[in-house]
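Each chain is listed here by its residues.
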Amino acid sequence: MSKPGNSAEAQRKEAAASLLKDMETAAARMRELIVGMPPQDLLGYIYAQYVLKALSAQDVGGQPEGTPIPAESGDLINDNQFLLEYVHAVLASDPLPEQVAFDEAKCAELYDISRELRQNAMFYAMATSADTKDGAFGPDTADIEFRAKSTWVLLRGNRYQVLEGEFYRYVLAPHDGLLKEVYGVGAHDIAAGFQAMTDATRSGHSDAILNMMDSFNAVQAIREEQGVGMDEAMKIWTEANASKLASARSAIDDMFRGGVANVSRHTNLPTELLADLAYRRGEEVEFFAAGNHSGTPYRTLPARKKPLVQLGSDYYAVDPCFTRDAGYRALLFNLLQRKPDYKAAFNERQRVMSEAAFADILSGQLPGASVFQEVYYRDPVTKQWSENDTLILIDDVMYLVEAKAGAAATIASPALDFARHVQSVQDLVIKAYKQCDRFFNYLASADEVPLYHLESGKYVECARVRQADYRVMVPIGLTVESFSPLSAYCKELPEILPLLGRHGFVSLSIDDLFVLRRLLPTPGQFAHYLEVRQAVAALRRAHLFDELDHLGAYLKKNRYDQDMANQLKEGADLVMWDGMSFEVDQSFEGRDWEAGPFPTQVFPDEVLKLLAALDSSRSRGWLMAESRIRDLDEEGRNDLAAKLTEFRKSLNENPARHCLFGSNEQGSFFIWMQRWGTRVDWQKINDKAAAAALLAAAGGVTGLMVIATSGGTYITAYTFPITRPGPRSEENASIYDEADQMRVRADSHPALTTPAASPKRSHAPFKARRNDPCPCGSEIKFKRCHGR
């Protein structure tokens, strides 16, 4: 007698076999329907569903009776995307038959079968993953296998079409000379072509409608002005606008015959390049070949290899979603096919580009940073020389970036070989992780460690680094291509642990950097985001789909790592957040997307002025100060704004105000606000600050000097060290007395701790001479600081 568990497992295997047969049958029927119709007419029908949906939503004239718009109109994007992948696959796999005919009823059947196939593919992912007992991800392997399979079928990652050109310009720039030699155009023109390709599918229909409406309105005006019929008005317009006829015909083609996908017409890319990116009809032989998973979405779709298909003399981007990755891979592959002797130079230029990408793309977030590339050191364990790609030091923050390249993670199907699919990702993630881990262990091996560059075969010291100098240390694995969401799940691998027990490993792609630099434009914003992002990376069983969801969660919830940690503490076995990138996604929609505004966290104006002053000064500790301020929740930010406003407005009566603000594990601020133009009395400040240190919680207290005017101008802001006094003695008794007074005030103002005003002065405001110390307290001469 079989055990219940074995019986359930057998039932799942039987269900999986049945689902596979159903999927193969559905795929064969879709192939039969697609190949029997004129491709341009079929494409026109599919793309026109977007227009019909828009008209339906606006209730403009309704729709003709019987128009087979997909039943789940809210899922139209997914319906169309999945179907277009199959149209591409069939056109790539089958030559054009002698007889084809468009049939609207068959189109409706295509939508029904496509939806059924996609649904069965999801059930198949469940049935074939549930019984996985163990694997690379330990006991979580079954769950991660299901997510990898379902993602393979349903999702293509979040990419913003408006950034296609930017991506291609960057990654193709190293090969600009050879591109010009082979194709006659360089990286900039090719990038413009890819941007035009995506713009056509993104806004081509609306452009065509506007074109047709302009022509119609012009004909209508002639009809009304000259009192002629519509046919005569059309004839008059045509004779007077011969140059616009081609544009009008193109608009009709875009509207009704899939012209938005015609990259020969919508781009200026040379035919030789388009041919390298395209299948000829019937060229693909693997997707529908006999065997398990024939024609199912668990085989590698042809669009993952080449994004275009040649129809007649023109080239079409049938499936717009794979254009980025497949186009990039196919272009570089064919470049090397045409110039095989370029291989060594190609690899070297790719390496240099990918290793420099983080510091290059994010240069605005890393002002004044020390950037070391190709850093060498002698491993204290193996005694061998080791190398890391990029080390970035900015204030008290360290970014260690290991760049890796690989395409197998986006081509190898998880259903056909899950172990290979995982291994392809591990090859990228684990190698980068181990290199970072080795470097962090080296940092921890001594109070100060030397770093070297390799120059003419010799190791030459280039820097010395102290781990103790860095509050935040972020190890990063950077890839050219995104392989979300599996990269996020890699933190569940048993060997992926926080480095040195506390520094989570973060995976990013170059795609992500282009978005992050727009939505996190300042060093403080970016550094704080990566702090929070790193905390989530160290949380096992807490997941978001990709970097854009992480970014959206940060902008909405700030310390979302704490929210996820609390959900796990409350008993959740797995925490997964979905849809967090919605507002980020929306910011890249529309024709005027560059004008913004981009989503951002909300801060009171007074706090924004303080953050701007810290960013302007960029004195040692400025990122720590920004981090603590950005850690505040809405109430804390409002409390800080209220106190800053109160202090600033009273500066006409008081040359300085101070208080101890906040009390948490991260520490408190002793804020000293000084009126601009008055002399800074550091002895007094240090005594008051030392008293505040006696009241501070375990996190300690940091001094924050703010120079401002009562009118609302923040001249500068910077941190300063505070020394906690020793045991009470005659010499420091006044400091202890001041602390007692602060404690009394804290009891009456618990939220804001101890506000106080410095004694008023009756004399005229101090005016600095050019060689005097600057009144901002920097101890630099006025003429070289704020007197310039």
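Rules of the game
Residues numbered from 1 in each chain as written. Predicted model: local features only at pLDDT ≥ 70, side-chain atom pairs only at ≥ 80, totals over all residues. Heavy atoms only, no water. Helix = DSSP H or I, 4+ residues; strand = E, 2+ residues; numbered from the N terminus. Buried < 20%, exposed > 50% of the residue type's maximum accessible area, 1.4 Å probe, protein only. Contact = heavy atoms within 4.5 Å. Areas by Shrake-Rupley, 256 points an atom, 1.4 Å probe, with all protein chains shown as cover. Polar contact = N/O pair within 3.5 Å; in protein donor to acceptor, adjacent residues only side chain to side chain. Pairing = 2+ DSSP bridges. Axes fitted to C-alpha atoms, helices over the stretch in contact; angles between N-to-C directions. Patch = residues over 30% accessible without salt bridge, like charges linked within 9 Å, V, L, I, M, F, W, Y side chains within 5 Å. Salt bridge = Lys/Arg side-chain N within 4 Å of Asp/Glu carboxyl O. Core = buried A, V, L, I, M, F, W, Y, C linked by side-chain atoms within 4.5 Å. pLDDT = per-residue confidence, 0-100. Phe/Tyr/Trp six-rings, centres within 6.5 Å; stacked < 30°, edge-to-face > 60°. Lys NZ or Arg CZ within 6 Å of the ring centre and 35° of its normal. Expected span 1.5 Å × (residues − 1). Parallel < 35°, antiparallel > 145°, perpendicular 65-115°, else oblique. Left-handed = near helix turned anticlockwise from the far one by under 90°.

**Student:** Would you take a moment to explain the overall build of the protein chain for this structure?
**Tutor:** Scanning the protein chain from N- to C-terminus turns up 27 helices and 17 strands. Taken over 788 residues, the protein chain has a buried fraction of 54%. Put simply, of all contacts in the protein chain between residues at least 6 apart along the chain, 71% involve residues at least 24 apart. Of the accessible surface of the protein chain, which amounts to about 35100 Å², a share of 50% is contributed by carbon and sulfur atoms.

**Student:** Mind showing me how you'd approach the side chain of Ser354 here?
**Tutor:** Along the chain, Ser354 falls in helix α14 (residues 343–361). Classification of Ser354 as buried rests on a relative accessible area of 10%. At 3.1 Å, the side chain of Ser354 forms a polar contact with the backbone oxygen of Arg351. Those residues within four positions of Ser354 in sequence are excluded, and the remaining contacts are Ala403, Leu478 and Val480.

**Student:** Quick question: what am I supposed to make of the sheet that holds strand β2 (residues 308–311) here?
**Tutor:** The strands making up a sheet associate through backbone hydrogen bonding, with each pair oriented either parallel or antiparallel. Strand order across the open sheet formed by three strands is β1-β2-β3, with mixed pairing between neighbours. Each edge of the open sheet carries a strand with a single partner, namely β1 (278–279) and β3 (314–316). Where β2 and β3 come together, three bridges link them in antiparallel fashion. Across the sheet, Gln310 pairs through a bridge with Tyr315, a residue of β3. Its contacts with the sheet put helix α3 (residues 76–93) on β1 and β2, and the angle it makes with β2 is roughly 55°.

**Student:** What exactly am I supposed to notice about unusual backbone geometry here?
**Tutor:** Leaving glycine out, the prevailing phi sign among residues is negative, and the prevailing peptide bond configuration is trans. Cis geometry marks the peptide bond from Gly596 to Pro597; its omega dihedral reads 0°. Within the fold, Pro597 resides in the loop between α22 (582–586) and α23 (605–617). In the Ramachandran plot, Lys383 falls in the positive-phi region, its phi being about 65° despite a non-glycine side chain. Relative to the helices and strands, Lys383 resides in the loop between β4 (370–378) and β5 (385–394). The phi dihedral of Asn558 falls on the positive side, at around 60°, and the residue is not glycine. In this fold, Asn558 is placed in the loop between α20 (547–557) and α21 (560–569). For Asn558, a relative accessible area of 7% translates into the label buried.

**Student:** I'm lost on the side chain of His528 in this one. Help?
**Tutor:** Position of His528 relative to the elements: it lies in helix α19 (residues 523–537). A polar contact is formed between the side chain of His528 and the side chain of Asp631, at a distance of 2.8 Å. For His528, the contacting residues outside a window of four places in its chain are Tyr554, Asn558, Arg559, Ser627, Arg630 and Asp631.

**Student:** Please clarify how a nonpolar patch on the surface should be interpreted in this entry.
**Tutor:** A contiguous nonpolar surface patch, about 270 Å² in accessible area, is contributed by Met213, Phe216 and Met230. Residue position: Met213 is located in helix α8 (residues 187–226).

**Student:** Would you mind showing me how to read the pairing of strand β13 (residues 656–661) here?
**Tutor:** Across a regular strand the side chains alternate sides, sitting on one face of the sheet and then on the other. Burial of β13 is extensive: six of the six residues sit out of reach of the surface. Burial along β13 is two-sided: the residues Ala656, His658 and Leu660 and Arg657, Cys659 and Phe661 are all buried.

**Student:** I would appreciate a short explanation of the nonpolar core in the present structure.
**Tutor:** Side chains that are nonpolar tend, in soluble globular proteins, to be buried together. Leu172, Phe358, Tyr399 and Leu610 are the most contacted members of the largest nonpolar core, which has 112 residues in total. Counting residues per element, this core draws most heavily on α19, which supplies seven residues. Every residue in contact with Phe358, bar those within four places of it in the chain, is listed here: Leu366, Ile392, Tyr399, Val401, Ile476, Leu478, Leu508, Leu513, Phe526 and Leu530. Core analysis: the second largest hydrophobic core is formed by 51 residues, Met30, Phe82, Ile113 and Leu301 among them.

**Student:** How should I be thinking about the confidence of the model for the protein chain in this particular structure?
**Tutor:** When pLDDT drops low, the exact placement of atoms in the prediction is not to be read closely. When pLDDT is averaged along the protein chain, the result is 87, and 88% of the positions lie at 70 or above. Ranking the elements of the protein chain by mean pLDDT puts strand β17 (residues 756–757) last with 45 and α19 first with 98. Ignoring residues within four places in sequence, the model shows residues 60–74, a span with pLDDT below 50, making 22 contacts including any to other chains. Within the model, pLDDT remains below 50 along residues 751–767, and this stretch shows 49 contacts once partners closer than five positions in the same chain are excluded.

**Student:** What should I look at first to understand the packing of aromatic side chains in this one?
**Tutor:** What characterises a pair of aromatic rings is the spacing of the ring centres plus the angle enclosed by the ring planes. In this structure the tally under the stated criterion is 27 aromatic pairs. Here the aromatic rings of Tyr168 and Phe194 are separated by 3.8 Å at their centres, their planes lie at 10°, and the arrangement is stacked. Of this pair, Tyr168 sits in helix α6 (residues 164–172) while Phe194 sits in helix α8, and the two are 26 residues apart along the sequence. The exposure classification of Tyr168 matches that of Phe194, with both residues buried. Between Tyr170 and Phe514 the ring centres are 6.2 Å apart and the planes differ by 75°, which places this aromatic pair in the edge-to-face class. Note that Tyr170 is positioned in helix α6 and Phe514 in helix α18 (residues 510–519), a separation of 344 residues in sequence. Side by side, Tyr170 and Phe514 carry an identical accessibility label, which is buried. Site record: aromatic cluster; members linked through ring pairs are Phe82, Tyr86, Phe287 and Phe288. The ring centre of Tyr279 lies 5.3 Å from the NZ or CZ of Lys306, which sits over that ring.

**Student:** I'm lost on helix α4 (residues 104–129) in this one. Help?
**Tutor:** Along its 26 residues, α4 runs 38 Å from first to last C-alpha, staying within 8% of the 38 Å computed at 1.5 Å per residue. Measuring from the side-chain oxygen of the N-cap residue of α4 to the backbone nitrogen of Ala105 gives 2.9 Å; that N-cap residue is Asp103.

**Student:** Help me understand α3 in this model?
**Tutor:** The α-helix advances 3.6 residues per turn, and as a result positions three or four apart in sequence lie on the same side. Spanning 18 residues, α3 covers 25 Å between terminal C-alpha atoms, matching the ideal 26 Å at 1.5 Å per step. With respect to burial, α3 is a largely interior element, 16 of its 18 residues being buried.

**Student:** Which parts of the structure should I look at to understand the pattern of salt bridges?
**Tutor:** Between side chains of opposite charge, a pair can form when the charged atoms approach closely. If you walk through the whole model with that rule in mind, you get 46 salt bridges. Put simply, Arg257 and Asp41 hold a salt bridge, and the shortest N to O gap is 3.1 Å. One end of the pair, Arg257, is in the loop between α10 (242–256) and α11 (263–266); the other, Asp41, is in helix α2 (residues 39–58), with 216 residues separating them in the sequence. The partly exposed category is assigned to Arg257, whose relative accessible area is 36%.

**Student:** Just checking my understanding: could you explain the packing of α6 against helix α13 (residues 323–338) for this structure?
**Tutor:** Put simply, α6 and α13 touch, their axes get as near as 11 Å, and they point 25° apart. Our classification of the angle between α6 and α13 gives roughly parallel. Every pair of crossing elements has a handedness; the one defined by α6 and α13 is right-handed. Between α6 and α13, the residues in contact are Glu164, Phe167, Tyr168, Val171 and Leu172 and Thr323, Arg324, Gly327, Tyr328, Leu331 and Leu332, respectively.

**Student:** What is the right way to look at the environment of Leu269 in this model?
**Tutor:** If you trace the backbone, Leu269 turns up in the loop between α11 and α12 (271–276). Sequence separation between Leu269 and Gly193 is 76 residues, and the spatial gap between their C-alpha atoms is 5.7 Å. Non-local contacts of Leu269, meaning those with residues more than four positions away in its chain, are made with Asp189, Ile190, Gly193, Phe194, Met197 and Leu274.

**Student:** What should I look at first to understand the pairing of strand β14 (residues 668–675) in this one?
**Tutor:** The element β14 is largely enclosed, with a buried count of eight among its eight residues. Neither face of β14 is open: one carries Ser668, Phe670, Trp672 and Gln674, the other Phe669, Ile671, Met673 and Arg675, and all of them are buried. Where β13 meets β14, six bridges bridge the pair, whose relative direction is antiparallel. Across the sheet, Ala656 pairs through a bridge with Gln674, a residue of β14. Where β14 and strand β15 (residues 701–708) come together, eight bridges link them in parallel fashion. By the bridge assignment, Phe669 is partnered in β15 with Thr702.

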